[in-house]
Amino acid sequence: RHSPSPSISTITMATTATTRPRNATTDGKVGRSNANNTSSSGQEWILDAYSSLEPRSYLQEFTSQNVRPDGRPFSASRPITVLPSIFARNSHGSAMITLGGRGSEEGKNASSTTRVVAACTLLVGHPSPSTPDEGDIDVTLTASPLSGPRFDIAGRENGEITSGNYGSAADGNNPQSLPGNLSHVIDRNHHNLDAANTTPSPTDTKEIESWVRRTLRSSRYVNPRELGIEHGMSAWRVRISIHILNHEGNVWDAALLAACAALKDLRLPMVEIGERGVVKMVMKEQQNDGNHSNNGKKVKRREGRSLTLGPLPVPLTIAILPNDNNNKTKNSDDETINSNNNNKQPHLLVADPTHLEEDVSSGNSVTVVCNAKEEIVEFHKKGSGSRLSVEQVAAVAVMGFGRAKELERLVLGR
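Scoring rules and cut-offs
- Residues numbered from 1 in each chain as written.
- Predicted model: local features only at pLDDT ≥ 70, side-chain atom pairs only at ≥ 80, totals over all residues.
- Heavy atoms only, no water.
- Phe/Tyr/Trp six-rings, centres within 6.5 Å; stacked < 30°, edge-to-face > 60°.
- Helix = DSSP H or I, 4+ residues; strand = E, 2+ residues; numbered from the N terminus.
- Buried < 20%, exposed > 50% of the residue type's maximum accessible area, 1.4 Å probe, protein only.
- Pairing = 2+ DSSP bridges.
- Axes fitted to C-alpha atoms, helices over the stretch in contact; angles between N-to-C directions.
- Contact = heavy atoms within 4.5 Å.
- pLDDT = per-residue confidence, 0-100.
- Parallel < 35°, antiparallel > 145°, perpendicular 65-115°, else oblique.
- Left-handed = near helix turned anticlockwise from the far one by under 90°.
- Nonpolar A, V, L, I, M, F, W, Y, C, P; charged D, E, K, R; others polar.
- Salt bridge = Lys/Arg side-chain N within 4 Å of Asp/Glu carboxyl O.
- Expected span 1.5 Å × (residues − 1).

(A) Broad picture of the packing of aromatic side chains. Applying the stated criterion across every chain, the model contains two aromatic pairs. Measuring from ring centre to ring centre gives 5.2 Å for tyrosine 58 and phenylalanine 62, while their planes differ by 65°; the resulting arrangement is edge-to-face. Remark: phenylalanine 62 and tyrosine 58 occur in helix α3 (residues 55–63); sequence separation between them is four residues, near one turn of the helix. With respect to burial, tyrosine 58 and phenylalanine 62 carry one shared label: buried.

Right, dumping it as structure tokens:
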């Protein structure tokens, strides 16, 4: 059996003694001020290094106290901010979704903020012969190195667990000078097979893109008949372009909510339909309708309009973490998703996971999509390293119903 890792407070206290500046004096206000500032930055450095090099052990320090690194209970989600019409000149509908960042004290939790933007552009195409009155919705999801330190120029995320700022405990022939107690924790945990069994699952943008497209089409959020222009001749093709601005966990929920908010902001423009079915967008809408003449040719004009939307598909992602604290008791707020007849549970369930929690879960998570009518649109499970009991699945669905009612008022204003 391996001894438990020293607590974070023990590591930071030991680090404080080693981070005294060279020019700090034992007396005088200036010397004390410099010493305090350097000690504070040293504590932040050691905690950041600890979470990057040993994420599972770092997270265990918090979960053993029934709390998460950002202070949330296991069943709590980050606050959501919706900002519509952010690309008013370059799109027909757009929105930005932010998970987290609101309600934090002095920006302490700013690092756990996920931000995604979505914009709708329109194309006119031919409808399918089997659905002559229906249009279509397409989705693309992109990322860049600005989205996170592990994304490459092609938008693919690297599977390396470290952030790149620290690398490993030893780099070639020049070992990095880490504080002695942190090096001890890293060396010991590398020999602990349980703690080392944390392989992060890279964010697959293509998988999320396909999932968002499939969910929008099956959720009845948009009636495809509203995208038809001329029977069997023309229909709208809505292209939703989603981009990850900052990835700090749970891009699945943020991408779907951004796409739904952009569709809420979408307004179809006025069009003129010629005799041969040629469709032309009219930039400035007029109150006139019916038949009009254009250079002696009769055209039909269709007024611009917003879409009549159905129930909002609201996602809720739950990460499945390995439970290294089976003998710990849970808070009453978390008993809904972390309850079992046995006191020992092999897994912990956390709602709206951060990037660190996603790394520790090794991609094991479930996403339930519900609406305000208490209907389950989709239940998607990722990873095969863990299973949920029937009671836990029911608890996740109940949490999804409550979240759907709350976010429908926020996104749709109902």
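There is more to say after this.
(B) Main features of the sheet that holds strand β17 (residues 365–370). Ordered by their spatial adjacency, four strands build an open sheet running β16-β15-β17-β18, and the pairing between neighbours is antiparallel. Taken across any chain shown, the strands that pair with only one partner, and hence form the sheet edges, are β16 (347–351) and β18 (376–382). Along the sheet, successive strands turn relative to each other by an average axial angle of 20°, direction set aside. Two strands pair when backbone bridges link them, and strand β15 (residues 314–322) and β16 are joined in this way by five bridges, in the antiparallel orientation. Paired with leucine 321 across the strands is leucine 348, a residue of β16. Packing of helix α6 (residues 205–218) onto the sheet brings it into contact with β15, β17 and β18, and relative to β18 it is tilted by some 160°. The sheet strands contacting helix α7 (residues 251–265) are β15, β17 and β18, and the helix crosses β15 at an angle near 175°.

(C) Highlighting the environment of valine 251. Mapped onto the secondary structure, valine 251 falls in helix α7. Apart from the residues within four sequence positions on either side, valine 251 is in contact with Thr114, Ile208, Ile244 and Glu358.

(D) Unusual backbone geometry, seen in detail. At asparagine 250, a position not held by glycine, the phi torsion is positive, near 60°. In this structure, glutamate 374 takes a positive phi of about 60° despite not being glycine. Following the sequence through the fold, glutamate 374 ends up in the loop between β17 and β18.

(E) Summary view of the confidence of the model for the protein chain. Looking at the protein chain as a whole, its pLDDT mean stands at 77, while 68% of the residues score no less than 70. Averaged over each element, pLDDT in the protein chain is lowest for strand β5 (residues 170–171) (40) and highest for α7 (97). Here residues 161–176 is a poorly scored stretch, pLDDT under 50, and it has 27 contacts once near neighbours within four places are set aside; other chains count.

(F) Summary view of the packing of α6 against α7. Direction vectors running N to C along α6 and α7 enclose 45°, while the axes themselves pass 10 Å from each other. Judged by the inter-axis angle, α6 sits oblique to α7. Relative to α7, α6 is oriented so that their crossing is right-handed. Where α6 abuts α7, its residues Glu207, Ile208, Trp211, Val212, Thr215 and Leu216 lie against Val251, Trp252, Ala255, Leu256, Ala259, Cys260 and Leu263. Partitioned by chemical class, the residues of the contact of α6 with α7 number eleven nonpolar, one polar and one charged.

(G) The arrangement of the pattern of salt bridges in detail. Summed over all chains, the structure comprises 17 salt bridges. In this structure, arginine 217 engages aspartate 136 in a salt bridge whose closest nitrogen and oxygen atoms are separated by 3.3 Å. Of this pair, arginine 217 sits in helix α6 while aspartate 136 sits in strand β4 (residues 136–142), and the two are 81 residues apart along the sequence. Here arginine 217 falls in the partly exposed class, since its relative accessible area comes to 49%. A relative accessible area of 25% places aspartate 136 in the partly exposed class. With a closest N to O distance of 2.9 Å, arginine 237 and aspartate 136 form a salt bridge. Linking arginine 237 in strand β8 (residues 234–246) with aspartate 136 in strand β4, this pair joins segments that are 101 residues apart in sequence. Several salt bridges share partner residues, and in doing so they unite Asp136, Asp138, Lys206, Glu209, Arg213, Arg217 and Arg237 into one network.

(H) Up close: α3. By the criterion of burial, α3 is predominantly enclosed, with eight of the nine residues buried. Looking at α3, one finds that the buried residues are Pro55, Arg56, Ser57, Tyr58, Leu59, Glu61, Phe62 and Thr63.

(I) Representation of α7. For α7, which comprises 15 residues, the first-to-last C-alpha distance of 21 Å matches the rise-based estimate of 21 Å (1.5 Å per residue) to within 8%. Among the 15 residues of α7, 13 are classified as buried, and the element is accordingly described as predominantly covered.

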